[in-house]
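So the chains spell out like this:
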Amino acid sequence: MDTTLEEKISHLPFQPGVYQFKDTNGKIIYVGKAKKLRNRVRSYFQDSRHHTGKLHLLVTRVRDVEVIITDSEAEALILENNLIKEHQPRYNVALKDDKSYPYICLYPGERIRVFPTRSVVKDGSKYYGPYDHVGKMRNMLETIRKAFNLCTCACNPRSVDKGRGIPKWHSCFNEYFENCSGDLPEDIYKDKMNKVVRLLNGNTTSLIRELKEEMAIAAESLAFEEAAQLRDGIEALEKYSEKMKVMTNDDINRDVFAVYADREHNVGCGVLFKIREGKLIGRHNKVIRQIEDKTDEILLQAFVEDYYTGDTAGTEPEEVHLSHNFEDSGPLTDYLSEQVGRKVKLVEPKIGEKAQLVRMAESNARLLTGEYVLQKQKAEKDFIPHSVKSLKEDLFLDRLPRRIECFDNSNLMGSDPVASMVCFVDGQPRKSEYKRYNIKTVEGPDDFASMKEVLTRRYSRVMREKQHIPDLIVVDGGKGQLSSAVEALKEIGFFGQVPVVGLAKRLEEIFLPTNPDPIMIPKTSSSLKLMQRVRDEAHRFAITFHRDKRSKRTFSSELEQIPGIAAKTAQKLIKSFGSVKKIKEASLQELQSGAGNKTGEVIYNYFKKTN
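Owing to the predicted nature of the structure, the values given are computational and were not obtained by experimental measurement.

Asks: Describe in detail a negative patch on the surface, supporting the description with residues and values.
Replies: Judged by side-chain charge, Asp71, Glu75, Asp334 and Glu338 come together as a negatively charged surface patch. Locating Glu338 in the fold gives a position in helix α11 (residues 330-340). Here Glu338 falls in the exposed class, since its relative accessible area comes to 53%.

Asks: So what about the sheet that holds strand β3 (residues 64-69)? Which residues, and what values?
Replies: An order of β2-β1-β3 is seen for the three strands of this open sheet, with the pairing classed as antiparallel. The open sheet has two free edges, formed respectively by β2 (28-34) and β3, since each of these has just one partner strand. Ignoring which end each strand starts from, the neighbouring axes of this sheet average 20° apart. Inspection of the sheet shows strand β1 (residues 17-22) paired to β3 by six bridges, in the antiparallel sense. Bridged to Gly17 within β3 is Ile69.

Asks: Please provide a residue-by-residue account of the side chain of Ser390, values included.
Replies: Relative to the assigned elements, Ser390 resides in helix α13 (residues 386-394). Overall, Ser390 belongs to the buried group, its relative accessible area being 15%. For Ser390, the residues in contact, after removing those within four places along its chain, are Ser525, Ser526 and Ser527.

Asks: Please set out the packing of helix α1 (residues 3-10) against helix α2 (residues 37-46) residue by residue, giving values where relevant.
Replies: In the contact formed by α1 and α2, the axes pass within 9 Å of each other and the chain directions differ by 150°. In terms of axis orientation, α1 runs roughly antiparallel to α2. Side by side, α1 and α2 meet where Leu5, Ile9 and Ser10 of the first sit next to Arg38, Val41, Arg42 and Phe45 of the second.

Asks: Let's hear about the packing of aromatic side chains: which residues, and what values?
Replies: Using the criterion set out here, one finds 14 aromatic pairs in the structure. Between the aromatic rings of Tyr30 and Tyr44, the centroid separation amounts to 6.3 Å while the plane-to-plane angle is 65°, which identifies the pairing as edge-to-face. With Tyr30 in strand β2 and Tyr44 in helix α2, this pair connects stretches of sequence that are 14 residues apart. Of the two residues examined, Tyr30 and Tyr44, each falls in the buried class. Between the aromatic rings of Phe407 and Tyr459, the centroid separation amounts to 5.9 Å while the plane-to-plane angle is 65°, which identifies the pairing as edge-to-face. Of this pair, Phe407 sits in strand β16 (residues 403-412) while Tyr459 is found in helix α14 (residues 447-465), placing the two residues 52 residues apart along the sequence. With respect to class, Phe407 is no different from Tyr459; both count as buried. Lys490 extends its terminal NZ or CZ atom over the ring of Phe495, reaching a point 5.2 Å from the ring centre.

Asks: Before we move on, can you summarise the confidence of the model for the protein with the specific residues and values?
Replies: Mean pLDDT over the protein: 79, with 83% of residues reaching 70 or higher. Taken together, the stretch residues 165-179 has pLDDT below 50 and engages in 30 contacts with residues farther than four places along the chain or on a different chain.

Asks: Account for the pattern of salt bridges, naming residues and giving values.
Replies: Enumeration according to the criterion identifies 24 salt bridges in this entry. The residue Asp471 makes a salt bridge to Arg399 at a minimum N-O spacing of 2.9 Å. Remark: Arg399 occurs in the loop between α13 and β16 and Asp471 occurs in the loop between α14 and β20 (472-476); sequence separation between them is 72 residues. Asp471 sits in the buried class, given a relative accessible area of 13%. Its salt-bridge partner being Glu433, residue Arg430 comes within 3.7 Å of it at the nearest N-O pair. By sharing partners, the salt bridges in this structure join Arg403, Glu405, Arg430, Glu433 and Arg458 into a single network.

Reading the values: the criteria
Residues numbered from 1 in each chain as written. Predicted model: local features only at pLDDT ≥ 70, side-chain atom pairs only at ≥ 80, totals over all residues. Heavy atoms only, no water. Patch = residues over 30% accessible without salt bridge, like charges linked within 9 Å, V, L, I, M, F, W, Y side chains within 5 Å. Areas by Shrake-Rupley, 256 points an atom, 1.4 Å probe, with all protein chains shown as cover. Salt bridge = Lys/Arg side-chain N within 4 Å of Asp/Glu carboxyl O. Lys, Arg positive; Asp, Glu negative; His and termini not counted. Charge placed at Lys NZ, Arg CZ, Asp CG, Glu CD. Helix = DSSP H or I, 4+ residues; strand = E, 2+ residues; numbered from the N terminus. Buried < 20%, exposed > 50% of the residue type's maximum accessible area, 1.4 Å probe, protein only. Pairing = 2+ DSSP bridges. Axes fitted to C-alpha atoms, helices over the stretch in contact; angles between N-to-C directions. Contact = heavy atoms within 4.5 Å. Parallel < 35°, antiparallel > 145°, perpendicular 65-115°, else oblique. Phe/Tyr/Trp six-rings, centres within 6.5 Å; stacked < 30°, edge-to-face > 60°. Lys NZ or Arg CZ within 6 Å of the ring centre and 35° of its normal. pLDDT = per-residue confidence, 0-100.

So, in structure tokens, the structure goes:
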């Protein structure tokens with residue numbers, strides 16, 4: 001750590017606030033909040049051994065820190081989120097709406113206006129939503145118009161031409177703006193807008209009950225026209241309420257949050273269910289990016305804090321249910337309690353109806369994440385990475401190696417021989433198409449024969465089942481492994497359909513079947529780095545499979561020492577119970593259920609005697 005930076009950190013206050021890390025150019029790269037600023041900031045630089053990769057990179061780039069002191073952690077929470085939205089720091093979790101959602105806006109002024117919009121502007125307006133479908137927003141606006149006889153069109157003060165005094169683009173000004181707003185007395189208009197706010201917050205039951213009481217009073221007073229208007233309003237509200245999905249059997253207002261992270265594609269999604277009076281009044285979701293090294297708890301906390309400190313939070317709920325508990329929920333709990341005027345708990349329900357709601361939100365988050373990934377892949381379908389284009393030139397290939405399949409062997413002194421195949425598409429691993437092979441025909445540590453067996457089995461099946469063929473085959477090794485691969489492909493009649501190369505690790509040489517001399521690609525080349533990634537992934541996958549197989553064999557050997565237990569039975573038990581330790585700890589009934597009455601009793605008595 002820089003001496004100047006160290007001295008600056010040592011003089012930071014022990015007060016709550018927000019800290020901003022800056023790089024060499026003075027750009028803000030991370031924003032965080034703290035209960036005690038000096039302790040929190042110092043913790044980043046004290047012991048980097050336990051830092052994740054991204055956090056370690058952040059710390060190495062920090063050249064300056066700037067702090068803002070606040071009166072409480074709750075204030076620090078609001079300030080932190082505002083600064084994140086303003087500066088979009090590189091190392092903070094990035095939350096983004098995946099499309100422009102519709103909102104209902106209440107525009108302040110002498111007479112509050114209610115209208116639809118897709119843009120959130122910080123001008124004092126209150127926003128309700130977002131609505132995941134424009135039809136739901138229009139349904140709500142139509143209910144407001146029918147129930148309270150108010151204008152809900154997009155003709156608002158922002159769209160009025162001040163010179164001519166009429167809307168810039170809409171013709172409903174004369175029909176609604178004057179009639180709905182101008183003719184109503186101030187007190188009546190204000191009362192109607194208060195009811196609109198209650199409706200937007202989901203309080204339909206109490207609102208309908210209140211309107212029915214007003215209708216009864218109007219009827220008794222012989223104000224039949226007013227009673228008829230109230231009756232029409234009640235019908236509109238009841239019709240709207242019937243369409244809302246019932247989620248719980250009580251009238252408690254709840255917010256249910258869940259998050260799902262797709263680590264493979266480095267993206268996630270947060271989902272909120274807004275439940276008012278037991279009914280689902282809306283769903284809100286945001287795409288979460290830059291999730292490397294972030295736990296699900298951190299991602300969820302960022303999503304929840306972003307929502308409640310934003311302009312679209314609406315009325316705070318009585319209960320907040322979470323799919324994961326936060327590491328530090330204190331600042332948000334204090335903030336919500338201040339807003340509501342009573343204690344608001346953030347809980348992770350485990351069982352019952354509440355847990356089911358959380359699981360439903362998680363399922364939605366998983367579905368939306370998958371949809372986002374598919375849309376992104378579709379948009380990038382025609383995008384080809386530079387490394388793939390460079391590899392085509394460096395290996396003199398006829399076509400782009402968009403799909404690469406790489407093979408590697410693993411064994412220990414000839415025991416438990418296995419092989420792996422990994423697949424890369426457009427420079428990225430396609431893990432769903434990885435393959436693992438048990439070597440069947442080779443005795444002892446013979447890498448060449450093992451490679452020949454695996455390629456024979458793989459591409460015989462590809463031809464037989466007419467599967468998608470790769471653009472490039474890579475084998476881990478030099479001339480010997482490559483010769484075995486070529487021999488296998490020739491024997492099955494597949495040689496020549498796909499180029500095949502060998503990558504030797506010692507000097508990172510690439511061998512081609514038609515060239516006795518290796519190709520040396522510059523160490524800094526993106527194409528060589530791609531080949532290394534593919535080779536290293538195949539090696540990792542093979543080693544992992546080999547260790548798993550050896551471990552299971554070791555466990556099975558221990559069980560096979562029991563008289564009457566064959567290798568097949570031992571493997572079956574390991575697969576069923578998971579480990580020898582669990583078999584030792586199992587009851588007689590569990591063992592008999594998994595292995596049969598007689599065998600289960602033998603195993604139980606053996607371990608009982610051993611213990």
